[in-house]
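# Breakdown of the fold
The lines below spell out each chain.
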Amino acid sequence: MNHTTSLRPLADAASRQAYAPYSRLHVGAALRSASGATYSGCNVENGSLSIGLCAERAAIAAAVLAEGPAFRLSAIAISAFNSHGRAMPVPPCGACRQALQEFAGDATVGFLGGDGSWTEVGVESLLPHGFVLPEDL
Ligand code: THU
């Protein structure tokens, strides 16, 4: 398994850049590409609430911008803090699981679990039966 603990401080730093005036949940994500490079993202909310962007997908966009379509995900860490700076358990949302699957081979996802411990799981275990666009359309 590709470890995520070294990505955690980067995810913490990214969370401090979050634009989250509506939920007040400040989320950061930091990923390691198969190339070894790291990229970060934070959540970016909007007054039109449904168009907010999650930290994980912001990090993926940064990675694709830097590496192009060959980008592959090795590991990603997600950190989240409430308005008092308290760490919050935030496993990736369903949409982000689908986005991670798109770029993942055997990628590891690290996040604070509901029991308060750092949890590392494979992407495939987060999204069983994930959607893949059929090729013969
Ligand atoms: N959020 C993320 O950034 N990633 C997730 O995987 C879960 C949710 C953000 C979206 C929104 O800005 C805030 O957390 C509350 O849902």
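Residues numbered from 1 in each chain as written. Predicted model: local features only at pLDDT ≥ 70, side-chain atom pairs only at ≥ 80, totals over all residues. Heavy atoms only, no water.

## Looking at the overall build of the chain
- When helices and strands are counted, the chain shows 4 helices and 5 strands.
- Listing the helices and strands of the chain from first to last along the sequence gives α-β-β-α-β-α-β-β-α.
- Projected onto the principal axes, the alpha-carbon positions of the chain cover approximately 50 × 35 × 30 Å.
- Among the 137 residues that make up the chain, the fraction classed as buried is 42%.
- Across the chain, contacts joining residues at least 24 apart in sequence account for 62% of those joining residues at least 6 apart. (Helix = DSSP H or I, 4+ residues; strand = E, 2+ residues; numbered from the N terminus. Buried < 20%, exposed > 50% of the residue type's maximum accessible area, 1.4 Å probe, protein only. Contact = heavy atoms within 4.5 Å.)

## Points about the site of the ligand
- Taken together, the neighbourhood of the ligand is formed by Ser-23, Leu-25, Val-27, Asn-43, Glu-45, Cys-54, Ala-55, Glu-56, Val-90, Pro-91, Pro-92 and Cys-93.
- The contact in question runs from an oxygen atom of the ligand to an N or O atom on the side chain of Asn-43, over 2.9 Å.
- Taking Glu-56, its side chain carries an N or O atom lying 2.6 Å from an oxygen atom of the ligand.
- Within the complex, 77% of the 380 Å² of free accessible area of the ligand lies under protein.
- If you map the ligand onto the pockets, it falls in the largest pocket.
- For the shell around the ligand, the per-class residue count stands at 8 nonpolar, 2 polar and 2 charged. (Near = heavy atom within 4 Å. Polar contact = N/O pair within 3.5 Å; in protein donor to acceptor, adjacent residues only side chain to side chain. Areas by Shrake-Rupley, 256 points an atom, 1.4 Å probe, with all protein chains shown as cover. 1 Å grid on protein atoms, 1.4 Å probe; cavity = no way out; pocket = protein on both sides within 12 Å on 5 of 7 lines; lining within 4 Å. Sits in = over half its atoms within 2 Å of the grid points. Nonpolar A, V, L, I, M, F, W, Y, C, P; charged D, E, K, R; others polar.)

## Considering helix H1 (residues 8-15)
- Among all positions in H1, only Ala-11, Ala-14 and Ser-15 are buried. Around the axis of H1, the buried residues are gathered within 100 degrees of arc, so they sit on the same side.
- The inward-facing, buried residues of H1 abut strand S1 (26-33), strand S2 (38-42) and strand S3 (73-81). (Arc of directions from axis to C-beta.)

## What about the pairing of strand S5 (residues 118-122)?
- Pairing geometry for strand S4 (residues 104-112) and S5, over 5 bridges, is antiparallel. If you follow Phe-111 over to S5, its bridge partner there is Thr-119.
- Between S4 and S5, which pair antiparallel and follow one another directly, the connecting turn spans 5 residues, one of which, Gly-116, has a positive phi of 85 degrees. (Pairing = 2+ DSSP bridges.)

## As for unusual backbone geometry
- Phi at Arg-24 is positive, roughly 60 degrees, even though this residue is not glycine.
- The backbone phi angle of His-129 is positive, close to 60 degrees, even though this residue is not glycine.
- The topology assignment puts His-129 in the segment after helix H4 (123-126).

Honestly, that's just the spatial picture; any functional story needs more than this.
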